[in-house]
Amino acid sequence: MIYVVAYGVSLLAFAALDAVWLSTMGAALYRATLGDLLADKVRLMPAIIFYLAYPVGIAVFAVMPALRADSFFPAVGYGLLFGALAYATYDLTNFATLRVWSVQITVVDIVYGAAASAVTAVLAFLATRAVSGWLAGAS
């Protein structure tokens, strides 16, 4: 049950943070540089797969260690690391291979991915710990 809660909160928190990020920064950061390379509309299936998969990494690599330590510090640290590595994989690959990819997008996106993953991990840790405490008290 703890894994399900950690995943569910990670999914909801990350999706909400990313929706805000993309709706506010999408045009300013990405459209200005990438222009015609961007699709006219989002391809739903790859987006759904990403939003279902990415929170698994946050839950496994950041939330669960924090729950084992009963401290939010591992959620922050491992969330930052997981997000930075995941986003760096995408951004640095694009920067290495695409003519129009910029240093600005690379840096901003990696920082965002690290921060969003850490915030998500902390929120999921706090919610999961609260639910697990509530479940333990109810039994």
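Residues numbered from 1 in each chain as written. Predicted model: local features only at pLDDT ≥ 70, side-chain atom pairs only at ≥ 80, totals over all residues. Heavy atoms only, no water.

Visitor: For the overall build of the protein chain, give the residues involved together with the corresponding values.
Guide: Helix and strand counts for the protein chain come out as four helices and zero strands. Its helices and strands in sequence order give the protein chain the pattern α-α-α-α, from N to C terminus. Considering only C-alpha atoms, the protein chain reaches an extent of 55 × 25 × 20 Å along its principal axes. Among the 139 residues that make up the protein chain, the fraction classed as buried is 37%. Long-range pairs, those at least 24 residues apart, make up 77% of the contacts in the protein chain with a sequence separation of at least 6. Counting only carbon and sulfur atoms, one obtains 74% of the accessible surface of the protein chain, whose full area is about 8,200 Å². Side chains of the protein chain give 6 positive and 6 negative charges; the mean places of these two sets differ by 4 Å. (Helix = DSSP H or I, 4+ residues; strand = E, 2+ residues; numbered from the N terminus. Buried < 20%, exposed > 50% of the residue type's maximum accessible area, 1.4 Å probe, protein only. Contact = heavy atoms within 4.5 Å. Areas by Shrake-Rupley, 256 points an atom, 1.4 Å probe, with all protein chains shown as cover. Lys, Arg positive; Asp, Glu negative; His and termini not counted. Charge placed at Lys NZ, Arg CZ, Asp CG, Glu CD.)

Functional significance is not addressed by these values, which are geometric in nature.
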